[in-house]
Amino acid sequence: MNRRQFLLGGLAAAATTMGLVGCAPGSSNSGGGGGDASSAELNFTWWGNDVRNKNTTTAIDAYTKANPGVKISPQPGEWASYWDRLATQVAGNTAPDIIQMDMAYISEYGNRGALLDLSGVDTSKFIEGTVDSGKIDGTLNGINAGINCLVVLANPKVFEKAGVAVPDDKSWTWDSLVDVSAEVAKKTKLTFGFQSLVSDNLFQAWIRQQGKALFTPEGMGVETADVQGWFDYLVKAQKAGAIGTPSQITEEAAKSLDQSAIVVGTAALALSNSNQLEAITAAAGTDLSMLRYPTIAGNSAERKAWYKASMLWSASARTKNPEAAVAFISWLVNSPEAANLLLAERGMPANSEMQAAIKPKLSKVQQTVQTFLNDIQPELADTPIAPPPGGGKIGDVMLRFATEVLFGRQSTAEAAQKFMDEMKSNMQG
């Protein structure tokens, strides 16, 4: 059983047990129940690292000290096992009250009524577009925990060694990305000119510049020809020597951050998220530059970029204490105390006032990220919707079929059709 089947099985079981989850006791849809914000016991789960665990437990301590009637039990975890555990908890009616949620899976839970309506959380100070990430069929099932954006990281020392200028990120094109990546790789004999070009996120960036959406509420927003066009682009990059061999690409996809090519010095460029800059820089032991991804015509004003919710805060529809859950989430995103404890590890606060409040405490790298996010505001377009149920597997499906193409085992047309067939099947339940 794969994670998708496991997740859906767990949610189906939960829905059966709960009747209609949206009408469960404690749900904001039920109009009843629900406890007292000043006196409650809450379970709080998240995935993360040592820094996140420390920051989050410190925030919990601060909240419960200020609200002595509230007890919050932490349930930290790791990404690899987090979703299977959560699906089991939902199926067994033991879901945590507060849930750190990901864009890839929020529709899986939200569409089946497993998440609380969080419209009671004050989002009036949130930057435009950052609230929409958590809306599922018009219901606010997730509150943006931090914003980041898709970026290209460059190692200036590698470019200097190659005698090649770091690209001008306001004017480079998708074609020039291939050209410069291939040139640097050839001159330095690196494994990758560009690490992780095989990416559903980059495909989404590329397709948005063509006026299309990766997903619509009904399913895929792209056609087979669009996917084939992307696969053709990847073949061009491989033939140019820009992205490594298919085997190297597959191996790289399985590596941890601290072993990735941009960290160990075997890549000149790499795709990343802005909030990861500090961790990657520290692991690499050298300063890295953060670049905009390219455009078709070489005009950054046409990037159709977006602020991504690095993760979201959700709450179980079955919580016995919905008022307390809403109050705690509100504190996490709107309190200067919480902002100064959590800082930017989960991304920059979506609340503009909290961003300003933490600026003096941010590291030099984090201030660079904050400036970058502010600078790209004129390039932003609509926030993409969360992947519909089943859509969260697109990264795995993209990698598998792209490498089939790059190995020469499937044509771009054949792989594109199979990609679309599998994605549509995934989203049919």
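Predicted model, so just to flag it, every value in this text is computed and none were measured.

S.K.: Where do I start with the sheet that holds strand β6 (residues 143–148) in this structure?
M.R.: Strand pairing in a sheet is mediated by backbone hydrogen bonds. Such pairs are either parallel or antiparallel. Strand order across the open sheet formed by 5 strands is β2-β1-β3-β13-β6, with mixed pairing between neighbours. Every other strand in the sheet has two partners, leaving β2 (70–77) and β6 as the edge strands with one partner each. With direction set aside, neighbouring strand axes in the sheet form an average angle of 20°. Where strand β1 (residues 40–47) meets strand β3 (residues 98–101), 2 bridges bridge the pair, whose relative direction is parallel.

S.K.: Can you help me understand the sheet that holds strand β8 (residues 192–195) in this one?
M.R.: As summarised here, the arrangement of the 4 strands in space is β8-β11-β7-β12, forming an open sheet in which the pairing is mixed. Edge positions in the sheet fall to β8 and β12 (289–291), since each has one partner strand and no second. Between one strand and the next, the sheet's axes are offset by a mean angle of 20°, whatever the strand orientation.

S.K.: Would you explain the confidence of the model for the chain in this entry?
M.R.: Low-confidence regions, as indicated by low pLDDT, have predicted coordinates that should not be scrutinised in detail. Summarising the model, the chain shows a mean pLDDT of 91, and 92% of its residues fall at 70 or more. Low confidence marks residues 1–6, where pLDDT is under 50. Its contacts with residues over four positions away, or in another chain, come to 16 contacts. The model gives residues 12–33 a pLDDT under 50, and that stretch makes 37 contacts with residues more than four places away or in other chains.

S.K.: What is the right way to read the pattern of salt bridges from this model?
M.R.: Proximity of charged atoms lets side chains of opposite charge pair with each other. Evaluation of the coordinates by the stated rule reveals 14 salt bridges. Linking Lys-187 and Glu-183 is a salt bridge whose minimum nitrogen-to-oxygen distance equals 3.0 Å. Of this pair, Lys-187 and Glu-183 both sit in helix α6 (residues 174–188), 4 residues apart, which is roughly one turn of that helix. Look at Lys-187 and you get partly exposed, because its relative accessible area is 47%. Taking the relative accessible area as the measure of exposure, Glu-183 reaches 33% and is therefore partly exposed. Ionic pairing is found between Glu-422 and Arg-400, a salt bridge with its closest N-O pair at 2.6 Å. One end of the pair, Glu-422, is in helix α17 (residues 412–426); the other, Arg-400, is in helix α16 (residues 394–406), with 22 residues separating them in the sequence. Using a relative accessible area of 25% as the deciding quantity, one classes Glu-422 as partly exposed.

Criteria and thresholds
Residues numbered from 1 in each chain as written. Predicted model: local features only at pLDDT ≥ 70, side-chain atom pairs only at ≥ 80, totals over all residues. Heavy atoms only, no water. Pairing = 2+ DSSP bridges. Helix = DSSP H or I, 4+ residues; strand = E, 2+ residues; numbered from the N terminus. Axes fitted to C-alpha atoms, helices over the stretch in contact; angles between N-to-C directions. pLDDT = per-residue confidence, 0-100. Contact = heavy atoms within 4.5 Å. Salt bridge = Lys/Arg side-chain N within 4 Å of Asp/Glu carboxyl O. Buried < 20%, exposed > 50% of the residue type's maximum accessible area, 1.4 Å probe, protein only.

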